[in-house]
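Fold and geometry: a report
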Amino acid sequence: MAERRPAARAPGSRVPRLADAREQFLTSPEANPSGVRDPSGVRDEILTSWIRSRTWNVAADDIALPYVKDPNLETLLAQTATPILTQLRDELGKEPVSIILTDSAGVVLERLTGDPALERYLDRVQLAPGFSYSEQFAGTNGIGSALESREPFRVFGHEHYAEKLETLACAGVPICHPTTGKVLGLLDLTCWNRDAGPLLVALSKSTAQSIERALQQQTGLRELALLREYLRTCQRTAGPVLALNNDVVMMNDPARQLLDPRDHSVLLSHAADAIDAAERFTMEIELPSGAEARVSCKPAWSETGLAGGVVQVQLSDAAPRLLRPAPTMAVALPGMVGTGALWKRCCQELDGHYRFGDRLAVEGEAGVGKLALLRAVHQMHRPSAHFRVMDAADCVNPEAWTRVISQELEAGEGVLVIRHADLLTPRALDALADALAEALAGDSASLPWTAVTVRRLAGAGPELSRVLAYFPRSLSVPPLRHHIDDLPELVPFLLGKLTRGDEMRCSAQAMQLLMRHSWPGNVTQLQRMLVGVVQRRRAGVIQPSDLPPACRVTSRRVLTPLESMERDAIVQSLQDTHTDKKQAAEALGMSRATIYRKIRKYGIDVRSHADRGPSS
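Now for a look at the structure at hand. Computed from a predicted model, the values in this text were never measured in an experiment.

Rules used throughout
Residues numbered from 1 in each chain as written. Predicted model: local features only at pLDDT ≥ 70, side-chain atom pairs only at ≥ 80, totals over all residues. Heavy atoms only, no water. Helix = DSSP H or I, 4+ residues; strand = E, 2+ residues; numbered from the N terminus. Pairing = 2+ DSSP bridges. Axes fitted to C-alpha atoms, helices over the stretch in contact; angles between N-to-C directions. Contact = heavy atoms within 4.5 Å. Parallel < 35°, antiparallel > 145°, perpendicular 65-115°, else oblique. Nonpolar A, V, L, I, M, F, W, Y, C, P; charged D, E, K, R; others polar.

Once that is clear, we can look at the environment of proline 116. By secondary structure assignment, the location of proline 116 is in helix α4 (residues 116-124). Separated by 20 residues in the primary sequence, proline 116 and proline 96 place their C-alpha atoms 8.3 Å from one another.

As C-alpha cells, then:
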C-alpha cells in the first residue's frame, strides 16, 4: 500500500504567492536584505526567520542535522511533561498529529505519533529523538523559530525554509520555568499541512500551559527540599556552602566573601557532578585562585526525585582572606549604571579600595569600563583633585614616559592611573618597576592613589609581574555578558548621552536581541553600535530592523551570569591547554565527562581555539 503524502498546497490563493515569495528569496543575492519583491504574502516573523536561516547558511534543499546519541531524559521538564503528553496522545488516537518535546537547544527528547505514515515521514526528515531542530540547523520551523523568538510560533507549508518540510505544518510553544522564566524546552505539534488550522496552535498553547502548571507544582517541592539541605549544611559549618540545581544557585556569605568568582564556577561544576552521579563524594583540590580546599559534594532529594546538589568547602588558607569586611551598602558611582549583583559588587569593592588607599591592579577585557570606573570613584570622593592617566599606547620613549610617572608620584596628590600596562615592552616595564620602587622607598602615605589596568592578571610575564608586585590589591571588572541584565538600564543611559536628551528608546523586541548578543567588545562595542543606530534614526523607537545584522543573529538563549562565567572559564582553559580537553578539565577541577557536556551545552567551537596559545 502506497504511503500517504499529501500535496503541500492548501486551499486559497495565498499558497502559490507564498511559494513564489520563498523561491524569490532563495534565488536572490545575499546583498538584498529581504530578497522578496512582493513581501505582502509573507508574515514579518517568517521573513525575519528566513533571513536568519540564510545568514546561518542553512541548506534549503536538504536536511542534515546534528545528532545527540543519548538526549537527557532525566530533566525536570522531561519527567513532568511525559504523563501529560502520553494522555494527549491517547486522546488524539490515530489522528495524523505528532506530539514533540524538545530541550532548550531544540534537541528532540520525545515524539509521540499515532499515524504510521506521518511517523515514517518525520523519520525521513529527521524530526526524531536526538536530532536538533534549532533554527541554525533546520532553518525556519516551528521548533527552532519559537526558541529564537521565545514566543509561540507557527510555520505552515511553504513558510518552512527547507523544501522537505513543505508538506508539514507545525506549531511550537516554549515552556518556561515558573520561577526564573528560563526557557526549559518546547512543546511542538506537527501535522500534514493540508490538515492544519487554528486548532493546532490552540492545542499547542493549552498543552504547554498544562506542562508549566505541573512544573510549578513539582518545582516548589524540589526547591524546598534543596533549600532545607542547604540550610542544614550551613548550620553545621561556618565555611563556604553552595547549592544548585538546573534553575537555582544559592551561596552563603562566606562563599561570597572568601572565594574568588573563578572558584565559584569550579565548585558549582562539582555540585553538578554530584547531581549527575546522584551520590556523595569528597576530594582535595586546588582552586583557580590558588587556595587549597577540601570539597564535599552531596545530592539533595525531594519526594519527586533528585532536587539538586550541595557543596561544602573547607579552605586551608581561609584566615588571610578575612582581612576586611565585605562592603554591605550599595555604592552609586557617578556616571555608572547597573544594578546586577556582579556590577554592584565590583563598584562596592572599588569604593572600598579607594577609601583604604590601596594601590590597585584592575583587570578586565577591552571595553568593560576599567578607566571609567576609576574616574567615577575619583569623581565621587575628590572631584576637584588632580587625575592623571598615563597610557601605555603613548609610551614611545620608555625613559621619558616613566620620568613623567616619577614626577606624578613625587607630586603626591590626586590619582594616577597607569593604563594598559600589559601592552608595555619589557624595557618599559623594567623602567616602570624601577620608578615605583624608588617612589615607595620613601613615605608611601604621601603618594597619590595609584592604579594600574591590564586585560588579565593571570599568566603575566616576569617583567609585568614585577610591576604588579607593587599593587597588592586587585579588582576584576566583569565583561558585559556577565551582567547582561544591566542592559535595560545601560542602553537608555547611553542613548541619552548620544541624543543629548532627545526622545529615543529601545523597543522590547530590540532589547531582547541586544540581551542575547555576546558583546565581545563589551560596553565600548555597545556604544559604537548605538552611535550607528542614532545616525540612522534620530528619534522614536528602535526596532529590530534598526540593529546591525550581527545583533540579529544571536545565541539560542540568554546565558545566566553564572553560565557565562563558566563558559568563559572553559574557553580560557581550552586556549591555555591548546584544546587538550583532558588537561583543560583537570585545570578546572572537573571530570572529562563534565567538560564534554559543558562544551556541548554552550556550543563551544573547539576548533576555533586550536591554534591559540595561552593568553598573557
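Turning to the sheet that holds strand β4 (residues 168-176), a few remarks are in order. If you walk across this open sheet you meet the five strands as β2-β1-β5-β4-β3, and the pairing is antiparallel. The open sheet is flanked by β2 (108-113) and β3 (153-156), the only strands paired with a single partner. Recorded for the sheet is a direction-independent mean angle of 15° between the axes of neighbouring strands. Across four bridges, the pairing between β3 and β4 is antiparallel. By the bridge assignment, arginine 154 is partnered in β4 with alanine 171. Along the sheet face, helix α3 (residues 76-92) touches β1 (97-103), β2, β4 and β5 (183-192) and points at about 175° away from the line of β1.

Taken in spatial order, the five strands make up an open sheet running β12-β13-β14-β11-β15, and their pairing is parallel. Every interior strand has two partners, whereas the edge strands, β12 (387-391) and β15 (473-476), have only one. Strand after strand, the sheet turns through a mean of 20° between neighbouring axes, direction not considered. Pairing of strand β11 (residues 360-363) with strand β14 (residues 449-454), which is carried by four bridges, proceeds in the parallel orientation. Within β14, the residue paired with valine 362 across the bridge is threonine 453.

Let us now look at the packing of helix α20 (residues 581-588) against helix α21 (residues 592-602). Relative to each other, α20 and α21 sit at 105°, their axes nearing to 9 Å. On the basis of the axis angle, α20 is roughly perpendicular to α21. Between α20, through Lys581, Lys582, Ala584, Ala585 and Leu588, and α21, the contact on the second element is made entirely by Arg592, Ile595, Tyr596 and Ile599. Here the contact of α20 with α21 is composed, by residue class, of six nonpolar, no polar and three charged.

Note that every value here comes from positions in space, so none of it alone points to a role or purpose.
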